[in-house]
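# Structural overview
Take a look at the letters that make up each chain.
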Amino acid sequence: NTNEKHINRNYDWFVDQNQTGTYSYENCGPSCTSMILKWFSEANNVSTETLRSWIRPNGGWWYTDDIESVMDSYQVPYKRKRLDNASQLVESLNKDKIILLCLDGYYLSDDYSAVGSGHFIIVKGYINQNGAISFETYNPDSRKDAYYSADKVLKACLEWWAYYYEIG
């Protein structure tokens, strides 16, 4: 018994933070924001580098407030919600909303070797096979359409920031 949801566009909206210049190693926030803008409207083709030149142009992590200010500027509708369980994310996806998560990559994947690896990712779908849920993501760290188990996603969020953005 499988059900699934995939929120895609008929154009490419993935951004690989590792191709974004000087601050690529810390551009997950502006890269996800660039993806959100482009997903919302194909006309919003604002590069990560342009966003970085506006907010923290000398480097540094982006914060949720930085992303909110850009979404507000482009009139992208969003709601910040407390995260308690994976079914909330499934409900948002079923309403054709994408999700922005701010999490600790260490709990998400072996690709992140240290606790405190703050990272933004976009959730754009899921597969539920007999109750085992995996989320389809645009992880700006060179991982387009990467799947992560709901348990790992939830743990990575709850260890870092127990909220999510429902976008759209």
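Structure: see above.
The shown structure was predicted, so the numbers you read here are calculated from the model rather than taken from an experiment. (Residues numbered from 1 in each chain as written. Predicted model: local features only at pLDDT ≥ 70, side-chain atom pairs only at ≥ 80, totals over all residues. Heavy atoms only, no water.)

Turning our eyes to something else, we now look at the overall build of the chain. When helices and strands are tallied, the chain shows 6 helices and 7 strands. At 15 Å, the chain has a C-alpha radius of gyration in line with the 15 Å of a compact globule built from 168 residues. With the C-alpha coordinates of the chain rotated into their principal frame, the extents come out at 45 × 35 × 25 Å. Evaluated residue by residue, the chain yields a buried proportion of 54% over its 168 residues. Taking the intrachain contacts of the chain between residues at least 6 apart in sequence as the baseline, contacts between residues at least 24 apart amount to 62%. (Helix = DSSP H or I, 4+ residues; strand = E, 2+ residues; numbered from the N terminus. Rg over C-alpha atoms; globule rule 2.2 N^0.38 Å. Buried < 20%, exposed > 50% of the residue type's maximum accessible area, 1.4 Å probe, protein only. Contact = heavy atoms within 4.5 Å.)

With that out of the way, let us pick up the layout of surface pockets. Approximately 290 Å³ is the volume attributed to the largest pocket. C28, W61, G118, H119 and F120 are, among the 19 residues lining the largest pocket, the residues nearest its centre. A per-element tally of the lining of the largest pocket places strand β4 (residues 118-129) first, with 3 residues. The residue makeup of the lining of the largest pocket, split by class, is 10 nonpolar, 7 polar and 2 charged. The space that makes up the second largest pocket amounts to roughly 150 Å³. Of all the secondary structure elements, the ones that give two or more residues to the lining of the second largest pocket are α1 (28-40) and α2 (48-54). (1 Å grid on protein atoms, 1.4 Å probe; cavity = no way out; pocket = protein on both sides within 12 Å on 5 of 7 lines; lining within 4 Å. Points joined across faces, edges and corners; volume = space filled by probe spheres on them. Nonpolar A, V, L, I, M, F, W, Y, C, P; charged D, E, K, R; others polar.)

Okay, the environment of N45 next. When you line up the elements, N45 lands in the loop between α1 and α2. Of the residues examined, N45 reaches a relative accessible area of 57% and is grouped as exposed. In the structure, N45 is positioned 38 residues away from I7 in sequence and 19 Å away in space, judged by C-alpha atoms.

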